[in-house]
Amino acid sequence: MSQYDLSRPVLEQVREAADIVAVVGEHLTLRKTGRNYVGLCPFHGEKTGSFNVSREKGTYYCFGCKRGGDVIDFVMEMERVAFAEAVERLADRFGVRLPPASPEARRRKDEQEQLADVMEAAQAVFARQLSQDRPRAFLERRGVPLDVAAEFGLGYARNEWRALYDELRSKFSERALVGAGLVVEGDGGKVWDRFRDRVTIPIRSARSRIIAYGGRALGDENPKYLNSPETSLFSKGHVLFALDRAMRAFSKANRAIVVEGYFDCIALHRVGLTETVATLGTALSEHHAAELARRVPHVVVCFDGDNAGRQAAVAALRTLLAAALEVSVLVLPDGQDPDDVARREGAEGFGRRAAAALPAADFLLELMGSTRQERRRNLLHSLEVVNACPDPVRRFEMRETLARGAGIPLEELGGLESTRMVARQAAVEGLPENAELALLRAFLHDLEPAESAAHLRAFPIDGICHPGVRRVFEVLQRRLAGGGTLEIAGVLSEVDDPGDRRLLAGLELEAPQTPRERIPSLIELVRRRADRLRSSEIVVRIRAAELAGDRDALARLQAEQSELIKRPKRGT
Ligand SMILES: [Zn+2]
């Protein structure tokens, strides 16, 4: 949370003032080629320059690792700082005076700062208590050396109802302690410590500030793990354990390893795989995937070697593929978790396993069974997982691997899937794979602004399949309606999704250029697809209206249906 007002107009001012060529030029040598600047990508090892910077558009994009964005994204990625920090650094450097935040925003910030203070104070208490016998014995059983425990800040919450409360009450209000989730308030105002007789594990933000705690029972008591509740600092689906430490290893390892548990994560750090993070006992979320996609090109999923672990790995695979990440899976021996294996096999053994992690499609193939017959039965499910990948080339490769493994010719996959996806399949027919990107490129880069605006105002967004492209089209229409321009810097300032930002930054470099006279026919294809999708939706609704006996709705839908059928097919 910044003490400044970082609203959109202010951000546009910062972007306007900051010279992206100068900022990038501090970190690598740029050479001018044509309108762009090119250099060696700082985010992935390379010998030929794939890293492009456009001063005019205020964007950067790497062909190799597909990272891209505007000057703020660059500072965030390069200097590993959060958004507000990146904006403040740029404003400072380019002499933009940031207006102070509103009183409301400042109050929220004060509150968050107090929360952070409470967390740090609790950490001092917990860490000191780790020297007691009970937690010491626990760490010994788990094979966690004291120096590693200290490094991760492990601590102990005493087996008393109000031990922490009594220690902190002189410094903080009861409200602050409850707000931080460290103290629970029951009916009738009685309060007690949330964590009792547990090893405490501080959960830190990407900036290394403690935002929550995990508490591990010493024995087999339930629940085994107890987490802080959601607070204004902490949201479980957003935070990756040990991200602050792993970030330092990302650029060298060029990948992240994701495990499920705290102690799995700590064990892997111990054997030198310091690029490891953990989800906090939740499924890997889109937010987790986005956090990783912002920082690494490749993720290795390493979950437990039992059935539940494998199923969780499949779900994580889909989410990570959808975030345009390259994914592989480290399969562990049946019934073992990463902690067991790391402790038994040490750095060398585990490193060998990590190096042999299976690429996404090979992992799916292994799960599908050992005979072609079994694999065919499970093929559709696996295809659905890899179809989440937005990169057409990688998607094609994975589909090919799956088809080959199941002994089915690649060209028959479409027919096979159509049993499940009739509507979608029919809708896609006739539209070239990258027509959506080609149109977006034409509107943002090639056509005259007035011409783009005219096309865009009546553009049939419903016919766009790619969710990221659709979101961008929505932003464009909204901007036009509000009197905004189609300049890429301005558009970027309204797009938050990291995948969408990359797509925009790489658009001119990656999407095909379409001759001006072909544009209307491409738009027409999208329009027809929108109509087809609408028709199939109407069919379903008509049936529902018939069943419900809703005559008004029925009449309205039938009118719309005949309207759609009559609509002239313009151009081709
Ligand atoms: Zn790169």
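Residues numbered from 1 in each chain as written. Predicted model: local features only at pLDDT ≥ 70, side-chain atom pairs only at ≥ 80, totals over all residues. Heavy atoms only, no water.

## Side note on the overall build of the chain
Stated formally: Going along the chain from the N terminus, every DSSP run of H or I of four or more residues is numbered as a helix, and every run of E of two or more is numbered as a strand. The globule rule used here is 2.2 Å times the number of residues to the 0.38 power, and the radius of gyration it is set against is calculated over C-alpha atoms. Each residue gets one of three labels from its accessible area relative to the maximum for its type: buried under 20%, exposed over 50%, partly exposed in between, using a 1.4 Å probe on protein chains only. Here a residue-residue contact requires only that any non-hydrogen atoms of the pair lie within 4.5 Å.
Looking only at helices and strands, the chain features 26 helices and 16 strands. Over its C-alpha atoms the chain spans a radius of gyration of 27 Å, differing by no more than 12% from the 25 Å that the globule rule assigns to 572 residues. For the chain, the spread of C-alpha atoms along the principal axes amounts to about 80 × 65 × 65 Å. Out of the 572 residues in the chain, the part that is buried amounts to 48%. The contacts of the chain with a sequence gap of at least 6 include a subset with a gap of at least 24, amounting to 65%.

## Quick word on the environment of Val-53
Note on placement: Val-53 falls in strand β3 (residues 51-54). Of the residues examined, Val-53 reaches a relative accessible area of 1% and is grouped as buried. A C-alpha to C-alpha distance of 55 Å links Val-53 and Leu-554, two positions 501 residues apart in sequence. Excluding residues that lie within four positions of it along the chain, Val-53 makes contacts with Ile-20, Val-21, Val-24, Leu-30, Asn-36, Tyr-37, Thr-59 and Tyr-60.

## What about the pattern of salt bridges?
Worth spelling out the cut-off: Think of a salt bridge as a Lys or Arg side-chain nitrogen and an Asp or Glu carboxyl oxygen that are within 4 Å of each other.
Taken as a whole, this structure holds 38 salt bridges when the rule is applied. The closest approach of N and O atoms between Arg-55 and Asp-19, which form a salt bridge, is 3.1 Å. One end of the pair, Arg-55, is in the loop between β3 and β4 (59-62); the other, Asp-19, is in the loop between α1 (8-17) and α2 (20-25), with 36 residues separating them in the sequence. On the basis of relative accessibility, which here comes to 41%, the residue Arg-55 falls in the partly exposed class. Taken together, the salt bridges that share partners define one network made up of Arg-15, Asp-70, Asp-73 and Arg-501.

## Re the coordination of the zinc ion
Quick reminder of the rule: Each metal's donors are the N, O and S atoms within 2.8 Å of it, or within 3.2 Å when it is Na, K or Ca, and because water is not part of the set, sites may look incomplete. Think of it this way: with four donors and all angles in the 85 to 135 degree range, the site is tetrahedral; with four or six donors, opposite ones beyond 155 degrees and the rest between 65 and 115, it is square planar or octahedral; otherwise it is irregular.
Within the protein, Cys-41 (SG), His-44 (ND1), Cys-62 (SG) and Cys-65 (SG) serve as the donor atoms for the zinc ion, at 2.1 to 2.3 Å. Each of the four donor atoms around the zinc ion contributes to a set of angles spanning 101 to 115°, which defines the coordination as tetrahedral. Taken in chain order, the donor set of the zinc ion reads C-x2-H-x17-C-x2-C. Like Cys-41, the residue His-44 is buried in the burial classification.

## Description of the packing of helix α3 (residues 71-79) against helix α4 (residues 83-93)
When two helices pack together, their arrangement is given by the angle between the helix axes and the distance between those axes. What counts, and what does not: Axes here mean lines fitted to C-alpha atoms, for a helix over just the part in contact, with angles spanning 0 to 180 degrees between N-to-C directions. Angle categories are assigned with fixed cut-offs, so that under 35 degrees is roughly parallel, over 145 is roughly antiparallel, 65 to 115 is roughly perpendicular, and the rest are oblique. The sense of a crossing depends on the near helix, which, turned anticlockwise from the far helix by less than a right angle, makes the crossing left-handed and, turned clockwise, makes it right-handed. Charged means Asp, Glu, Lys or Arg here, nonpolar means Ala, Val, Leu, Ile, Met, Phe, Trp, Tyr, Cys or Pro, and polar covers whatever is left, Gly included.
Contact geometry for α3 and α4: axes closest at 9 Å, N-to-C directions at 110°. Here α4 runs roughly perpendicular to α3, going by the angle between their axes. Considering the relative orientation of α3 and α4, their crossing is right-handed. Residues Val-71, Ile-72, Val-75, Met-76 and Glu-79 of α3 form the contact with α4, whose participating residues are Phe-83, Ala-86, Val-87, Arg-89 and Leu-90. By residue class, the composition of the contact of α3 with α4 is eight nonpolar, no polar and two charged.

## Structural notes on the packing of helix α21 (residues 449-457) against helix α22 (residues 467-481)
Between α21 and α22, whose axes approach to 10 Å, the crossing angle comes to 110°. For the element pair α21 / α22, the angle class is roughly perpendicular. Of the residues in α22, those touching α21 at Ala-453, Leu-456 and Arg-457 are Phe-473, Leu-476, Gln-477 and Leu-480. Class assignment for the residues of the contact of α21 with α22 results in five nonpolar, one polar and one charged.

## Points about the domain arrangement of the chain
Heads up, the condition is: Each domain span listed reflects an automatic or database assignment of domains.
What the domain assignment reports for the chain is domain 1 (8-93), domain 2 (103-234), domain 3 (243-356), domain 4 (366-428) and domain 5 (435-566). On a C-alpha basis, the centres of domain 2 and domain 4 stand 47 Å from each other.

## Focus: the packing of aromatic side chains
Ring pairs (aromatic) are described by centroid distance and by the angle formed between their planes. The criterion, for reference: Ring geometry is summarised as follows: Phe, Tyr and Trp rings, the Trp one being its six-membered ring, pair when their centres sit within 6.5 Å, and such pairs are stacked at plane angles under 30 degrees, edge-to-face over 60 and tilted between the two. The rule is short: NZ of Lys or CZ of Arg within 6 Å of the ring centre and within 35 degrees of the ring normal puts a charge over the ring.
Considering all chains together, one arrives at 16 aromatic pairs under this definition. Ring geometry for Phe-126 versus Tyr-213: centroids 5.2 Å apart, planes at 85°, classification edge-to-face. With Phe-126 in helix α5 (residues 103-129) and Tyr-213 in strand β10 (residues 210-217), this pair connects stretches of sequence that are 87 residues apart. Taking relative accessible area as the criterion, Tyr-213 reaches 0% and is therefore assigned buried. Three or more aromatic residues link up through ring pairs in this structure, and these residues are Phe-43, Phe-51, Tyr-60 and Phe-74. Across from the ring centre of Phe-263, 4.8 Å away, lies the NZ or CZ of Arg-142, which sits over that ring. Over the ring of Tyr-225 we find Arg-216, and its NZ or CZ is 5.4 Å from the ring centre.

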